[in-house]
Amino acid sequence: MRVALMILLGLVIGIIGTVNVMSTLAARNPMPKAVMDTMDYHMDELSRALKTKQCTAASIQHHLERVQSTATDVVPTFGVAEQPFTDAATLLQTRVQQALQSAPADCAALAAAMKPIGAACKSCHDKYR
């Protein structure tokens, strides 16, 4: 009985220790999550503008510029040098740049501009998330 209790106690202590170590390792670099959270915020604001039909040119431009700025931080922040990852990040930057150049000023134009950006995000998330 004592042996079983000691084994159980050892397992519990091991699990608690492992959880603490994993939490520490996960928290060591908050930048990748911060970059994705920032990009997600601005994409959500654009989506909200579409849903509420409140698409002003200034707001659209502001959020697209922030997405573009944040998209340039993806590769250095994540530190992944694999060619498919850098290609996906470059595709995202290209799509956002194209959206900025088209200067969407209404909801219809914003919806058309966001579709390729969303596809670029989805393709990367499907592979690397």
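In the block above lies the structure referred to throughout.
We now turn to the structure provided with this report. The structure presented is a predicted model; accordingly, all values stated were derived computationally and were not measured. (Residues numbered from 1 in each chain as written. Predicted model: local features only at pLDDT ≥ 70, side-chain atom pairs only at ≥ 80, totals over all residues. Heavy atoms only, no water.)

1. Here we look at the overall build of the protein chain
Then, number 1: For the protein chain, the count of helices and strands is six helices and zero strands.
Then, number 2: In sequence order, the secondary structure elements of the protein chain are arranged as α-α-α-α-α-α.
Then, number 3: A compact globule built from 129 residues would reach a C-alpha radius of gyration of about 14 Å, whereas the protein chain, at 21 Å, exceeds it by more than 25%.
Then, number 4: Oriented by its inertia axes, the alpha-carbon framework of the protein chain measures out at about 75 × 35 × 20 Å.
Then, number 5: Expressed as a percentage of its 129 residues, the buried residues of the protein chain come to 26%.
Then, number 6: Within the protein chain, counting contacts between residues at least 6 apart in sequence, those at least 24 apart form 70% of the total.
Then, number 7: Only carbon and sulfur atoms are counted for the fraction: they give 63% of the accessible area of the protein chain, which is about 8600 Å². (Helix = DSSP H or I, 4+ residues; strand = E, 2+ residues; numbered from the N terminus. Rg over C-alpha atoms; globule rule 2.2 N^0.38 Å. Buried < 20%, exposed > 50% of the residue type's maximum accessible area, 1.4 Å probe, protein only. Contact = heavy atoms within 4.5 Å. Areas by Shrake-Rupley, 256 points an atom, 1.4 Å probe, with all protein chains shown as cover.)

2. A few points about the state of the cysteines
Then, number 1: Evaluated as defined, the whole model comprises one disulfide.
Then, number 2: Cys55 shares a disulfide with Cys107; S-S distance 2.0 Å. With the S-S dihedral at roughly 95 degrees, the linkage between Cys55 and Cys107 falls on the right-handed side. Placement of Cys55 in the loop between helix H2 (31-52) and helix H3 (57-71) and of Cys107 in helix H6 (residues 107-128) is noted, with a sequence separation of 52 residues between them.
Then, number 3: Note on Cys124: no disulfide assigned, nearest cysteine sulfur contributed by Cys121 at a separation of 8.0 Å. (Disulfide = S-S within 2.5 Å.)

3. What to know about the packing of H2 against H6
Then, number 1: As a packed pair, H2 and H6 sit with axes 10 Å apart at the nearest point and diverge in direction by 145 degrees. Here H2 and H6 pass one another in a crossing that is left-handed. Between H2 and H6, the contacting residues are Met36, Met43, Leu46, Ser47, Ala49 and Leu50 on the first element and Cys107, Leu110, Ala111, Met114, Ile117 and His125 on the second.
Then, number 2: Among the residues making up the contact of H2 with H6, the classes are represented as 10 nonpolar, two polar and no charged. (Axes fitted to C-alpha atoms, helices over the stretch in contact; angles between N-to-C directions. Left-handed = near helix turned anticlockwise from the far one by under 90°. Nonpolar A, V, L, I, M, F, W, Y, C, P; charged D, E, K, R; others polar.)

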